[in-house]
Amino acid sequence: MKDNSQPLWQPSAEAIAATQMDEFRRRVNQQYQLDLNDYAALYQWSVDNREAFWRELWDYTGVIAADKGDETLGNDSMPGAQWFPQARLNFAENLLRYRDDKAALVERLENGSRRELSYKELYDRVERLSAALVAQGVVEGDRVAGFMPNVIDTVVAMLATTSLGAIWTSCSPDFGINGVFDRFGQVQPKVLFACEGYFYNGKVIDSLPRLREIMQRIESIETLVVVPVARSEEETAQVLAAEPLGKAVLLQAFEAAAPARELSFVQTEFNHPLYIMYSSGTTGVPKCIVHGVGALCSST
């Protein structure tokens, strides 16, 4: 019988030494006068020394924070463990730390269109959209929703939201109206970002009929920001002019109407809510799953 116990491939010692994981292993050895000689040993050390591991990882990765605090683990029970209970930080600030001309995001749609955004351009886009959300009255703890495909504008809206300490939630534009209401109806968003349409299987799917119904059923939405995806901005403006959609404004107009404001980041607790995600809804109404700035918070 053939012996299949040997790996088909494994990296060379030089390749392993060049990884960030191995650099971190060497850092731990130096900091704690240890002799962890491989990944397995580092893993076991992280299990046996949880607080030291997470402090070292925080420092090694260069987490940007107003305050890390002196306490790493405030409560060691499960469920209920509280990591970095004194820390204050902002999620978006850490993702926007680079402002150079390297590519940050690349978007490619089914129709073949392609867009690219550098880190500097991404920062500038988030700055403008954050200012627009502030002008709309969005503050820490508010919910902002996205009925959006996986495009650059979705990422920008999420970062602008979380820069303010507000909470982002989203679902795919191919959801039916009941699926959207079952999710967003629970969290009562103040602002909704939504595409006017999207591409699927060679077809253009119009989202506007569902947007009209969403706006009728979710009264908390103060502004609907329409993001052109399947149509040009001019075409989208013409459609909305012919069939007005209450509380709707095009993304570009939403940004342009707001006074310029330097991007600043609201510092929140480590466990402050960041995202609201949802269970599948297979056994009833989808359940909210709250992800914190630094950790999973809870589900309801």
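Heads up: these notes are all about the structure in this document. As the structure is a computational prediction, the values presented were derived from the model and not from experiment. (Residues numbered from 1 in each chain as written. Predicted model: local features only at pLDDT ≥ 70, side-chain atom pairs only at ≥ 80, totals over all residues. Heavy atoms only, no water.)

**Regarding the pairing of strand β8 (residues 167-171)**
The following threshold applies: Burial classification: accessible surface area is computed with a 1.4 Å probe over protein chains only, and a residue below 20% of its type maximum counts as buried, one above 50% as exposed, and the rest as partly exposed. Helix and strand definitions follow DSSP, with helices as H or I runs of at least four residues and strands as E runs of at least two, each counted in order from the N terminus. At least two DSSP bridges between two strands are needed for those strands to be called paired.
For β8, the tally of buried residues reaches 4 of 5 residues, placing the bulk of the element in the interior. Here strand β7 (residues 143-147) runs beside β8; their pairing, made up of 5 bridges, is parallel. In the strand pairing of β8, G146 is matched with S170. Direction of pairing for β8 relative to strand β15 (residues 273-278): parallel, over a ladder of 2 bridges. Its bridge partner being in β15, W168 is matched across the sheet by Y275.

**Some remarks on the environment of R108**
Stated precisely, the cut-off is as follows: Should any heavy atoms of two residues lie within 4.5 Å, those residues are considered in contact. Definition of a polar contact: a pair of N or O atoms within 3.5 Å, with one able to donate and the other able to accept a hydrogen when the atoms are protein atoms, and with sequence-neighbouring residues admitted only if both atoms are side-chain atoms.
Within the secondary structure layout, R108 lies in strand β5 (residues 103-108). Here R108 falls in the exposed class, since its relative accessible area comes to 58%. Sequence-wise, R108 and N150 are 42 residues apart; in three dimensions their C-alpha atoms are separated by 9.4 Å. With sequence-adjacent residues up to four places away left out, R108 is seen in contact with S113 and R114. Separated by 3.2 Å, the side chain of R108 and the backbone oxygen of G112 make a polar contact.

**A word on the sheet that holds strand β1 (residues 65-67)**
Spatially, the 3 strands line up as an open sheet ordered β1-β4-β14, and their pairing is antiparallel. At either end of the open sheet lies a strand with only one pairing partner, and these are β1 and β14 (268-269). Bridge count between β1 and strand β4 (residues 88-89): 2 bridges; the pairing is antiparallel. Looking at the pairing, D67 lines up with R88 of β4.

**Section: a nonpolar patch on the surface**
Convention followed: Each patch is assembled from residues with relative accessible area greater than 30% and no salt bridge, linking like charges that lie within 9 Å and nonpolar side chains (Val, Leu, Ile, Met, Phe, Trp, Tyr) that lie within 5 Å. Only the protein chains shown count as covering a residue, and every accessible area follows the Shrake-Rupley method with a 1.4 Å probe. Throughout this description, the term salt bridge denotes a Lys or Arg side-chain nitrogen within 4 Å of a carboxyl oxygen of Asp or Glu.
Taken together, the side chains of M21, Y39, Y43 and V47 define a hydrophobic patch exposed on the protein surface, amounting to about 430 Å² of accessible area. Under the relative-accessibility criterion, V47 is labelled partly exposed at 40%.

**Considerations on the pairing of strand β9 (residues 191-195)**
For β9, the buried fraction is high: 5 of the 5 residues fall into the buried class. The alternating pattern of β9 places V191, F193 and C195 on one face and L192 and A194 on the opposite face, and all of these are buried. Of the pairings in the sheet, the one linking β7 to β9 comprises 4 bridges and is parallel in character. By the bridge assignment, V144 is partnered in β9 with V191. In this sheet, strand β12 (residues 223-227) lies alongside β9 in parallel orientation, the contact comprising 5 bridges. Looking at β12, one finds that V191 is bridged to T223.

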